[in-house]
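# Tertiary structure, described
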Amino acid sequence: MSGHPPGPPVRALPGLLRKLAVDRLGMMRDAAALGDAVRVAVGPKKMYIFNRPDYAKHVLADNAANYHKGIGLVESRKILGDGLLTGEGEVWRAQRRNVQPAFRPGRITAQAGAVAEEAGKLVDLLRSRAGGPPIDVLREVTGLTLGVLGRTLMDTDLDGHGGIAHAFEAVQDQAMFDMVTQGLVPTWAPLPVQRRFRRARGELERTVDALVADRTARMRDGGTPEDALSRMILAARERGSPAIGRKRLREELITLLLAGHETTASTLGWTLLLLARHPGARDRVREEASAVLAGGRLPDAEDLHKLTYTTRVVQEAMRLYPPVWILPRVAQASDEVGGFTVPAGADVLVSPYTLHRHPELWESPEVFEPDRFDPPRVATRPRYAYIPFGAGPRFCVGSGLGMMEAVFVTALVTRDLDLGVVPGHRGIAEPMMSLRMRGGLPMTVRLPG
């Protein structure tokens, strides 16, 4: 072994430590500029930041068993408990086995009609607002993703649960607050962020309890239901303790609600924003969608393979703004990554955001260029240069559904509408723990001439 990765120059260390508290995305960008392997010491805490495809492959896939979920796990568990995003070991493996059938390719293909119908509803809603005041596009696509989630994975109508997205905003704010304060401020403290968190947690728990009660009442004996929620309910019944079963079911369902809508809504928001800012790409999407979906029809499963340029647009949006921008891990035992020693207990960070902008892997990495996802060009890049859905055993189980949803919505919205960003409004931010667009994405809507 060749020893630890180099640390930052003394002159760069104060800036990195300051950003650790207030701008973690900025810290990752600065670390990536220093090299592909950087070690940052903060008192007794040691962070190992790796930014090469082969390093990411080792941590996330080849030796994944040695790297458990890291920074942010404690904060997330306040909301998600031991859900699919935060669980480890056999608990996580059992959860993954249980929900995996709900995401089988054949089943997702069979859900294409429901996805297309929800996308069509969004287009109709936006069309009705054409010529009116600016609309919050992120809010509307969040409603769409919740609708798709309810129909495809829960056999449930979520239209009456519009407060879910607002509640998740509050709990994400709490998680970021806990990261900054190192979890030293108890959740019962009478601070505004804590009060919002407590209300949001209660609202989410009441919502998932109502969803479980409704789905349970509609379940019938004589076969295993195919939707994810029913599978969760049946698995909860098999746990030894009813109390533990109910608790775990609540945690798993909250996780499904969060992971099943937030990342796709974020991807759609960024995709529509990029198309609004790049009219050449927007015109190509419209031309393709008009040809493939002639006569104003909705897409079906076969159309997903024909909307090739639209797919590349979505892929490029996820390259620039990956749904999950950082993958934190903790080494369980000492290891070697790319010849560098990683001791047990070290925090290991892999960032899709910086990996997707590595100048040796991507030509003009800051430029929006969907054609970089032409198959011949993709074939020349390392497999782990692009990991918007993570990698290894924890590769996102819902990636197929998310891509279908993003491509269908992008094609229909671009075919039938023009979205323009409100002048003078930035509309987006890059918070330290999420690329979720804060404050919405105000846009105007007009119909193509």
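See above for the structure.
Residues numbered from 1 in each chain as written. Predicted model: local features only at pLDDT ≥ 70, side-chain atom pairs only at ≥ 80, totals over all residues. Heavy atoms only, no water.

What follows is about the environment of histidine 278. Position of histidine 278 relative to the elements: it lies in the loop between helix 12 (242-277) and helix 13 (279-292). Overall, histidine 278 belongs to the partly exposed group, its relative accessible area being 28%. On a C-alpha basis, the gap between histidine 278 and glutamate 369 in space is 9.8 Å, while along the polypeptide they are 91 residues apart. (Helix = DSSP H or I, 4+ residues; strand = E, 2+ residues; numbered from the N terminus. Buried < 20%, exposed > 50% of the residue type's maximum accessible area, 1.4 Å probe, protein only.)

What follows concerns unusual backbone geometry. One non-glycine residue, aspartate 155, lies in positive phi territory at about 50 degrees. Look at serine 364: it is not a glycine, yet its phi comes out positive at around 45 degrees.

Attention now goes to the sheet that holds strand 4 (residues 135-136). What the three strands build is an open sheet, ordered 4-10-9; its pairing is antiparallel. Of all strands in the sheet, those bounded by a partner on one side alone are strand 4 and strand 9 (418-421). Sheet analysis places strand 4 next to strand 10 (residues 442-446), joined by two bridges and oriented antiparallel. Each bridged residue has a counterpart across the sheet, and for isoleucine 135 the counterpart in strand 10 is methionine 443. (Pairing = 2+ DSSP bridges.)

As a further point, take the sheet that holds strand 1 (residues 37-42). Spatially, 1-2-8-5-3 is the arrangement adopted by the five strands of the open sheet, whose pairing is mixed. Lying at the two open borders of the sheet, with one neighbouring strand each, are strand 1 and strand 3 (67-69). Across this sheet, the average inter-strand angle for adjacent strands is 30 degrees, counted without regard to direction. Pairing of strand 2 (residues 45-50) with strand 8 (residues 347-350) involves four bridges; the strand directions are parallel. Directly across from methionine 47, in strand 8, lies its bridge partner aspartate 347. Strand contacts of helix 2 (residues 24-34): strand 1, strand 2 and strand 8, with the helix running at about 65 degrees to strand 2, the strand carrying the most contacts. Contacts between helix 3 (residues 53-62) and the sheet are confined to strand 1, strand 2, strand 3, strand 5 (327-331) and strand 8, with strand 8 contributing the most and set at about 125 degrees to the helix. (Axes fitted to C-alpha atoms, helices over the stretch in contact; angles between N-to-C directions. Contact = heavy atoms within 4.5 Å.)

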